[in-house]
Amino acid sequence: MKSAVETLNPTRVRLTVEVPFEELKDSLDAAYQKINQQVTVKGFRKGKIPARVIDQRFGRGAVLEEAVNDALPKFYTEAVNEAELTPLGQPEVDITELKDGETLNFTAEVDIRPTLEIPDYSGIEVEVDAIEVSDEDVEKSVEQLRERFASTSPVERAAEDGDVVTIDLEAKVDGEVLEDGVASGVSYTIGSGELLDGIDEAVKGLSAGEEGTFTSELKGGSAAGREAEVTVKVTQVAARELPELDDDFAQLASEFDTLDELKADSTKRLANMKQYDQATQAQERVLDKLLELVEVPVPEKLLEDEVNTRKHNLEHHQLGQMGLTLDKYLEIQGKTAEEFETETREAAVKGIKTQFVLDELVKKENLGVNQEELTEHLMRRAASSGMSPDQFAQAVVEGGQVPLLVGEVARGKALAVVVEAATVKDTNGEIVDLDDEDENEETTEVTEG
């Protein structure tokens, strides 16, 4: 077999392959054997029909077609390996010549990973937010904890903001009550925004036993996205009572004896959260700087596939679970279809470029992934997916996704190398020393684009 490579553009090549006919022998033998098992010829046992009889009865062309279909993937792979190419996606194959007993010639066009030059990245400098925890931040955190320990008690008055009301709901569309539009005994905190738009205005001012109606667009169910007339009946009004902010509250809501100790712990936790956010911000900004340094051509077909995948996942998985259509989502976001298309394409381009650059860095820095690193990454991915580690691991193995996870970990390590080499300062001009553990935990999210 002989092969040659023609570069069509930085991300696409055409392979020209010439195969001497004798190299098709194994595929020809397999073709005759396969046809032997599929056909019956009077006078011959199944599987024992001579090749000349098959040629006479069914045509040599059918045998050649079967043999070529069997042989092409092998010769294509040999040509790819010989040229040391990294194909992206399936090739477009064209048989240019097939002469029985002489030769098989074909071409294969395929997208490939571009050759990248990674420049010196040690000069990258970025600025991130300083870690500052204000008294207001601490007070807000403690107040949120206080809200969780609020108690309620029924009151004989009209409902007000912040009250917890028990309500019955009935939704009608076009005058008909929906089968899944009736609910009773629903507990709702006025002002929480957890139910339908317009419900706060409808229930405020109502006492137990009173009802009101309002119009709202349904967020889920059989009539999701449609306008409905909703009747709401209040069966109980309860006032929320917050506990006093004192040492007793600290002992009730935490393991601390005093309110001062509780506030000190809140300060520490908020600082840790801001440090975590700071590390993520540093990675994102270092990555952006790195991408600016590298010229990365993007294969058009790969880009189109990525854009379509992102739109499909959003529309049929994420939005589907929320009972939203793409049009409704765009309306909520205040975006036009053109803006959405542009943003999706830009995100896809960045995701592809990120993967190409970090994969090249993995090779340049000779970064490997050990079992412990892979296991830690799997545990984090399982937690974010809502699955147990065992369930997630089983799904990964059955789906053949282990190499993808290994790639994610390796790219995370590559980005960590660049972040470590970069100069990161906060808005106060102080050098930021990022913790390795924080870097590795967050890198997955950054590198997935």
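This is a predicted model, so every value here is computed, not measured.

Caption draft 1: Geometry of a nonpolar patch on the surface. On the surface, a nonpolar cluster with roughly 220 Å² of combined accessible area is contributed by Val 93, Ile 95 and Leu 98. Within the secondary structure layout, Val 93 lies in strand β3 (residues 87–99).

Caption draft 2: How the structure looks around the packing of helix α1 (residues 25–38) against helix α3 (residues 60–82). Look at α1 against α3: their axes get within 8 Å of each other, and the N-to-C directions meet at 120°. With respect to α3, the element α1 is oriented oblique. Taken as a pair, α1 and α3 cross one another with a handedness that is right-handed. Side by side, α1 and α3 meet where Ser 27, Leu 28, Ala 31, Tyr 32, Lys 34 and Ile 35 of the first sit next to Arg 60, Val 63, Leu 64, Glu 66, Ala 67, Asp 70 and Ala 71 of the second.

Caption draft 3: Region of interest: the nonpolar core. The biggest cluster of nonpolar side chains holds 33 residues, and the ones touching the most others in it are Ile 124, Leu 290, Val 357 and Leu 361. Among the elements of the structure, β5 (125–128), α7 (259–293), α8 (300–322), α10 (337–364) and α13 (402–421) are those that each provide at least two residues to this core. Sort the elements by how many residues they give to this core and α10 lands first, with seven residues. Those residues in contact with Leu 290, other than ones at most four positions away along the chain, are Tyr 121, Ile 124, Val 357, Leu 358, Leu 361 and Val 418. By size, the runner-up hydrophobic cluster in this structure holds 31 residues, among which are Leu 15, Val 19, Ala 31 and Leu 64.

Caption draft 4: Broad picture of the pattern of salt bridges. Counted according to the given criterion, the structure contains 33 salt bridges. Linking Asp 359 and Arg 113 is a salt bridge whose minimum nitrogen-to-oxygen distance equals 2.8 Å. Here Arg 113 lies in the loop between β4 (103–112) and β5 and Asp 359 lies in helix α10, a separation of 246 residues in the sequence. Each of Glu 6, Arg 12, Arg 14, Glu 92, Glu 109 and Asp 111 takes part in one network of salt bridges that share partners.

Caption draft 5: Examining the domain arrangement of the protein more closely. Taken domain by domain, the protein comprises domain 1 (2–111), domain 2 (151–241) and domain 3 (253–426). Placing the centre of domain 2 and that of domain 3 at their C-alpha centroids yields a distance of 38 Å.

Rules and cut-offs
- Position labels on residues start from 1 in each chain and follow its written sequence.
- Local features are withheld for residues below a pLDDT of 70 in this predicted model, meaning they are given only at 70 or higher, and side-chain atom pairs are given and counted only at 80 or more; totals for whole chains, interfaces and linings count all residues.
- Neither water nor hydrogens contribute to the side-chain values; these are computed over all heavy atoms in the structure.
- Surface patches are defined over residues having more than 30% relative accessible area and no salt bridge, joining like charges when they lie within 9 Å and nonpolar side chains (Val, Leu, Ile, Met, Phe, Trp, Tyr) when within 5 Å.
- Accessible areas in this description were obtained via Shrake-Rupley with a 1.4 Å probe; residue shielding takes into account the shown protein chains only.
- Salt bridge, as applied in this entry: a Lys or Arg side-chain nitrogen positioned within 4 Å of an Asp or Glu carboxyl oxygen.
- Secondary structure follows DSSP: runs of H or I at least 4 residues long count as helices, runs of E at least 2 residues long count as strands, and numbering of each begins at the N terminus.
- Axis lines are fitted to C-alpha atoms, over the contacting stretch for helices. Their N-to-C directions set the angle, which ranges from 0 to 180 degrees.
- Angles are sorted into four bins: roughly parallel if under 35 degrees, roughly antiparallel if over 145, roughly perpendicular if 65 to 115, and oblique for all others.
- Two helices that cross are described as forming a left-handed crossing if the nearer one is turned anticlockwise from the farther one by less than a right angle, and a right-handed crossing if clockwise.
- Any two residues whose heavy atoms approach within 4.5 Å are treated as being in contact.
- Only buried residues count toward a nonpolar core, which is a set of Ala, Val, Leu, Ile, Met, Phe, Trp, Tyr and Cys residues joined through side-chain atoms within 4.5 Å.
- The cut-offs for exposure are 20% and 50% of the maximum accessible area for each residue type, with area from a 1.4 Å probe on protein chains only; residues under the lower value are buried, those over the upper are exposed, and the others partly exposed.
- Residue ranges assigned to the domains are those given by an automatic or database domain assignment.

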